Amino acid sequence: MGLLTKITQFRVLVFLCLILSIGVFSCSSDLEEKLIGTWQGSDFLFHKTEGPDLVLTINGGLEQHLRSKLIFAEDGAYQKFVGEYANGNGVWLVDKDLLFTKGENDFEQVYKLVQVTDTKLVTRHKVTLETPDGDLVGEITLTYTR
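Anyway, here's the lowdown on the structure attached to this text. (Residues numbered from 1 in each chain as written. Predicted model: local features only at pLDDT ≥ 70, side-chain atom pairs only at ≥ 80, totals over all residues. Heavy atoms only, no water.)

**Concerning the overall build of the protein**
Now for step 1: Each helix and strand counted, the protein has two helices and eight strands in total.
Now for step 2: Counting from the amino terminus, the protein carries its helices and strands in the arrangement α-β-α-β-β-β-β-β-β-β.
Now for step 3: Within the span of the protein, comprising 146 residues, buried residues form 29% of the whole.
Now for step 4: Here the analysis covers contacts within the protein between residues at least 6 apart in sequence; of these, 48% occur between residues at least 24 apart.
Now for step 5: Accessible surface computed for the protein: about 9,800 Å², of which carbon and sulfur atoms make up 58%. (Helix = DSSP H or I, 4+ residues; strand = E, 2+ residues; numbered from the N terminus. Buried < 20%, exposed > 50% of the residue type's maximum accessible area, 1.4 Å probe, protein only. Contact = heavy atoms within 4.5 Å. Areas by Shrake-Rupley, 256 points an atom, 1.4 Å probe, with all protein chains shown as cover.)

Printed below as a string of structure tokens:
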């Protein structure tokens, strides 16, 4: 292969890498823009993978989520409310299809963004709850609307 062919191949490779990185960054940016604003809890699903059957705990999670509000600000801050009471705040960011939050107490949570539209947000995350009957382990799918 001649030098001109190698240079052409290199330019094509650089161009393809540039296009791919623009695509990846624009996807995250689009998701971030869609997340900004106020979301109201509208559905809650807990899928248990191990542990005791605690229907009251699961039903309590649904009741609490339906009264919850999640606010994402443009500056990367978030607030959570249950009813009129503050239930946490911190910072957030999106990377591909993952939402990362870090609360004021340094608690970090990673959510899979299952669906994000202008009016609907669906997230999924793993959870382990310590109970008197043993650890309850599973995944929670949270749905929000606005």
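**Description of the layout of surface pockets**
Now for step 1: Taken as a whole, the largest pocket spans an internal volume of roughly 880 Å³.
Now for step 2: For the largest pocket, the lining is made up of 35 residues, of which Lys-80, Asn-87, Tyr-111, His-125 and Leu-142 are closest to its centre.
Now for step 3: For the lining of the largest pocket, a count of residues per class yields 18 nonpolar, 14 polar and three charged. (1 Å grid on protein atoms, 1.4 Å probe; cavity = no way out; pocket = protein on both sides within 12 Å on 5 of 7 lines; lining within 4 Å. Points joined across faces, edges and corners; volume = space filled by probe spheres on them. Nonpolar A, V, L, I, M, F, W, Y, C, P; charged D, E, K, R; others polar.)

**Here's the deal with the sheet that holds strand β6 (residues 108–116)**
Now for step 1: Here we have eight strands rolled up into a closed barrel, ordered β1-β2-β3-β4-β5-β6-β7-β8, and antiparallel in their pairing. Strand-to-strand twist in this sheet, taken as the mean axis angle between neighbours without regard to direction, amounts to 35°.
Now for step 2: Strand direction decides the pairing type here: strand β7 (residues 120–131) and strand β8 (residues 134–145), joined by 12 bridges, are antiparallel. Looking at the pairing, Leu-129 lines up with Leu-136 of β8. (Pairing = 2+ DSSP bridges. Axes fitted to C-alpha atoms, helices over the stretch in contact; angles between N-to-C directions.)

**Brief notes about the nonpolar core**
Now for step 1: Ranked by internal contacts, the top residues of the largest apolar core, which has 21 residues, are Leu-35, Phe-72, Trp-92, Val-94, Leu-99, Leu-113 and Leu-121.
Now for step 2: Contributing elements (two or more residues each) for this core: α1 (3–35), β1 (37–50), β2 (68–72), β4 (85–95), β6, β7 and β8.
Now for step 3: Per-element accounting of this core gives the leading share, four residues, to β8.
Now for step 4: With near-sequence residues (within four places) excluded, Phe-72 lies in contact with Leu-35, Ile-36, Gly-37, Trp-39, Ala-77, Tyr-78, Trp-92, Leu-99 and Leu-121. (Core = buried A, V, L, I, M, F, W, Y, C linked by side-chain atoms within 4.5 Å.)

**Some points on the side chain of His-125**
Now for step 1: Here His-125 shows up in strand β7.
Now for step 2: Once residues lying within four places of it in the same chain are set aside, the contact partners of His-125 are Gln-109, Val-110, Tyr-111, Gly-138, Glu-139, Ile-140 and Leu-142.

Interpretation note: all reported values are geometric properties and have no functional meaning in isolation.
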